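Fold and geometry: a report
Single-letter residue listing:
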Amino acid sequence: MGHGIAHVMLRAGLSVLLTDASAKFLEAGAARIAKGLARDVEKERLTEEARQQAITRLKTTAKLADLAACDIVIEAVTENYDAKAAVWRALDPVCRPEIIFASNTSSISITRLAAATLRPAQFVGMHFFNPVPVMQLVEVVPGLQTAPATVEATMQLATAVGKTPVRVNDAPGFVANRVLLPMINEAVFCLREGVADAKGIDDVMKLGMNHPMGPLELADLIGLDVCLDILKVLYESLREPKYRPCPLLEKMVNAGWLGRKTGRGFYEYPPGKAS
Ligand code: CAA
């Protein structure tokens, strides 16, 4: 998600400082952004001159301290409260107190993340969708303490980079994943029970419901670990059995079959087609 968000910001004329805990992922992220911008030129969404300028506005760093220069920070750390909160706590003393912290969480409480920082009024959810350069929506999620000015500025930023923001209240899974993940989970139960094979389940939803991808293909795109994390948040926070993650999903995550990113999920992806 991080490289997709950076790509969209660069394409809209902003400067981006990209960081990651892993040097390997940082390098891979920058390479994918460069590839995405080249594709934008090919498809005439960007001029060659604009691409070159965008590339020069992209910087990478391994040091969180370098983020002191940023006017907004958008975090796309793995979908785990402790991991995200640790990053925000480290950034608080580094970044100017007035700048906005935006979390691209899919389901974690914005109110709770905001409370882990010294700036809950400037903390907001900014939930992008995969593939970020293509999908129109950004869910903008205020926490209990988020100031209206923070929400307004975030809505404006999303609009300025060509997205359509929708304001959604802070509730587990917000709207998108509260509705989407039970469907994906049910598709996995259907597979487990042998109602149809993976392709059959996906074909039904594509041909019968006009979904661009079937739920199992989509789960592979999102990442099965991410799907499981979101379902756990829904199940644990809303305490309703209908959100119980399918044991087959848990088993696949335990096996390391995480979808496209590992080359195997409900389908197999040959190298080069993996992400
Ligand atoms: N990364 C980046 N770009 C991608 C991509 C990917 N994984 N997959 C496709 N694209 C791009 C293609 O390059 C193409 O762009 P160009 O204009 O440069 O050619 C464009 O998307 C359309 O792709 P295709 O023509 O190959 O295929 P398509 O028309 O079938 O569209 C799709 C592909 C956009 C992914 C479409 O299948 C779709 O909309 N699927 C549903 C995606 C979805 O529901 N996303 C939300 C997931 S939920 C989420 O992200 C939130 C969360 O918290 C879990």
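Residues numbered from 1 in each chain as written. Predicted model: local features only at pLDDT ≥ 70, side-chain atom pairs only at ≥ 80, totals over all residues. Heavy atoms only, no water.

The next thing to look at is the packing of helix 2 (residues 23-42) against helix 3 (residues 48-56). The N-to-C vectors of helix 2 and helix 3 enclose an angle of 165°; their axes lie 9 Å apart at closest approach. Overall, the two elements helix 2 and helix 3 adopt an arrangement that is roughly antiparallel. Helix 2 and helix 3 meet at a crossing whose hand is right-handed. The segment helix 2 lies against helix 3, with Ala34, Leu37, Ala38 and Val41 engaging Glu48, Arg51, Ala54 and Ile55. A per-class count over the contact of helix 2 with helix 3 returns six nonpolar, no polar and two charged. (Axes fitted to C-alpha atoms, helices over the stretch in contact; angles between N-to-C directions. Helix = DSSP H or I, 4+ residues; strand = E, 2+ residues; numbered from the N terminus. Parallel < 35°, antiparallel > 145°, perpendicular 65-115°, else oblique. Left-handed = near helix turned anticlockwise from the far one by under 90°. Contact = heavy atoms within 4.5 Å. Nonpolar A, V, L, I, M, F, W, Y, C, P; charged D, E, K, R; others polar.)

All right, on to helix 4 (residues 81-91) then. Within helix 4, the full set of buried residues consists of Tyr81, Lys84, Ala85, Trp88 and Leu91. The arc that holds every buried residue of helix 4, seen down its axis, measures 125°, which confines them to one face. As for helix 4, its buried residues are in contact with strand 3 (72-75), strand 4 (100-103), helix 5 (110-115) and strand 5 (123-127). Taking the backbone nitrogen of Asp82 as reference, a side-chain oxygen 3.0 Å away marks Asn80 as the first, capping residue of helix 4. (Buried < 20%, exposed > 50% of the residue type's maximum accessible area, 1.4 Å probe, protein only. Arc of directions from axis to C-beta. Polar contact = N/O pair within 3.5 Å; in protein donor to acceptor, adjacent residues only side chain to side chain.)

Moving on to the sheet that holds strand 7 (residues 164-167). If you walk across this open sheet you meet the five strands as 3-4-5-6-7, and the pairing is mixed. Since the sheet does not close on itself, it has two edges, and those belong to strand 3 and strand 7, each with one partner. Averaged over neighbouring strand pairs, the angle between their axes works out to 25° when direction is ignored. Sheet analysis places strand 6 (residues 137-142) next to strand 7, joined by four bridges and oriented parallel. Residue pairing for strand 7: Glu139 is matched across the bridge by Val166. Contacts between helix 4 and the sheet are confined to strand 3, strand 4 and strand 5, with strand 4 contributing the most and set at about 165° to the helix. (Pairing = 2+ DSSP bridges.)

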